[in-house]
Amino acid sequence: MVPSVPLYDAVAELPLEIESHALDRLELQVSPEFARVTTLVRLRGAGEESVGEDVTYTAGDHPPPADLPLAGSYTLDSFSQHLDELELFLREPEMGASRDYRRWAFESAALDLALGQAGRSLADAVGREPHAVTFVSSMRFGEPPSIEPLLQWRRMYRELRFKLDPTSDWNDALIDELAGLGGVDTLDFKGQYRGTPVDQPPDPQLYRRVAEAFPSAWIEDPAVTDETRPILDQHSARVTWDAPIHSVEDIENAPWPPRTINIKPSRFGSVRRLFDAYDYCAAHDIAAYGGGQWELGPGRGHIQYLASLFHPDTPNDVAPGGYNASEPPKGLPTSPLDPQAAETGFRWEL
């Protein structure tokens, strides 16, 4: 069903008063090789404080400039236009996508503040009821690959489902064991990444073996080459995209018309572009599922909140942060995740 009015219109004219802002660094040593750094963007005004999270991956690109001229009276839309005029990095970021990630931190904080100042919640503003969120746990096996880490999680959380990253060193025995176990909803080939630790070069043999072994799983971000395309053509209804999707235009330019798409809010940068994508998917009968970016703070709640409003029943890669642990801790929330929308603002009450 085509929305009667654009979704963005529900929030664009919200008044927004910004008196000051602050930046806080979060850091987690994930492995000896990888320290996850994010920056919390705090906006203050009219007795309210809001927060957004900058999920830029390269630690050297944190923090944003501290002296950005943000104070003033705006609407949410005019503040977004103001951000168009600002340089949010001290130097050219290492990854182009970081510009969208940082922009989302300021836009999500502004959305939270405008709603808080209006005494409204995001759910109220867009006329939707939050629902329990189905989620999967994202996992990448080590070297050599072993199914044992997945089994450890399954022994603790018997109904847990997964999004997995196949790699060329997956052998037939491992694939058969995974297929027999069940519970794999999405296979992320990481074929659209360049220059990252998780790059997976196109591998026609891997694509064929995995696609055939998991006939019901979504196939995310394959590399489309002369060698892989004949294989992917046979499974095109299951192909979905993540890394290349930053706008409606990117969805329209997908190699095959997608039946579903991974919508990561931080990839879209602005509230307008994100909401336009939700409208486009609704108008073209495209399902959506959400994805995370190793958020360390309230950014995780933002993506869970959006999933609860727009795609609660799909294999959302928005598991609570405890599911990133190397070994399964006790007492984690299980899927589906109960809705925890705050009474006002754009925040998930953890």
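What you are looking at is a predicted structure, and each value in this text was computed from that prediction instead of being measured.

Trainee: I'm lost on the overall build of the chain in this one. Help?
Mentor: Each helix and strand in the chain was counted, giving 11 helices and 12 strands. A compact globule built from 350 residues should have a C-alpha radius of gyration of about 20 Å, and the chain, at 20 Å, falls within 12% of that. Dimensions of the chain, computed from C-alpha atoms along their principal axes, come out at roughly 60 × 45 × 40 Å. Each of the 350 residues in the chain was classed as buried or not, and the buried ones make up 54%. Looking at the chain alone, contacts between residues at least 24 apart form 67% of all its contacts between residues at least 6 apart. If you sum the accessible surface of the chain, you get close to 15300 Å²; carbon and sulfur atoms cover 48% of it. Each charge class in the chain was averaged separately, 30 positive and 56 negative side chains, and the resulting centres sit 4 Å apart.

Trainee: Is there a simple way to explain empty space enclosed by the protein in this structure?
Mentor: With a probe scaled to a water molecule rolled over the atoms, the places where space remains empty come into view. The tally for this structure, following the rule as stated, stands at 1 cavity of 30 Å³ or more. Here the largest cavity defines a volume of roughly 70 Å³. For the largest cavity, the full set of lining residues is Glu53, Val55, Trp104, Ser108, Pro265, Ser266, Gln293, Glu295, Gly299, His302 and Ile303. If one sorts the elements of the lining of the largest cavity by residue count, helix H11 (residues 299-310) sits on top with 3 residues. In terms of residue class, the lining of the largest cavity is made up of 4 nonpolar, 5 polar and 2 charged.

Trainee: Explain the layout of surface pockets to me, please; I cannot follow it from the model alone.
Mentor: Counted as a void, the second largest pocket has a volume near 380 Å³. Taken together, 23 residues line the second largest pocket, and the ones lying closest to its centre are Arg128, Tyr278, Asp279, Ala282 and Phe310. Elements with a minimum of two residues in the lining of the second largest pocket: helix H10 (271-283) and strand S12 (287-290). At 4 residues, H10 tops the list of elements feeding residues into the lining of the second largest pocket. Residues belonging to the lining of the second largest pocket are distributed by class as follows: 16 nonpolar, 3 polar and 4 charged.

Trainee: Looking at this model, I keep getting lost on the side chain of Arg154. Mind explaining?
Mentor: Note on placement: Arg154 falls in helix H4 (residues 148-156). Polar side-chain contacts of Arg154 include one of 3.4 Å to the backbone oxygen of Gly182. In this view, Arg154 contacts Glu159, Leu160, Phe162, Leu181, Gly182 and Gly183; residues no more than four positions away in its chain are not counted.

The rules we used
- Residues numbered from 1 in each chain as written.
- Predicted model: local features only at pLDDT ≥ 70, side-chain atom pairs only at ≥ 80, totals over all residues.
- Heavy atoms only, no water.
- Helix = DSSP H or I, 4+ residues; strand = E, 2+ residues; numbered from the N terminus.
- Rg over C-alpha atoms; globule rule 2.2 N^0.38 Å.
- Buried < 20%, exposed > 50% of the residue type's maximum accessible area, 1.4 Å probe, protein only.
- Contact = heavy atoms within 4.5 Å.
- Areas by Shrake-Rupley, 256 points an atom, 1.4 Å probe, with all protein chains shown as cover.
- Lys, Arg positive; Asp, Glu negative; His and termini not counted.
- Charge placed at Lys NZ, Arg CZ, Asp CG, Glu CD.
- 1 Å grid on protein atoms, 1.4 Å probe; cavity = no way out; pocket = protein on both sides within 12 Å on 5 of 7 lines; lining within 4 Å.
- Points joined across faces, edges and corners; volume = space filled by probe spheres on them.
- Nonpolar A, V, L, I, M, F, W, Y, C, P; charged D, E, K, R; others polar.
- Polar contact = N/O pair within 3.5 Å; in protein donor to acceptor, adjacent residues only side chain to side chain.

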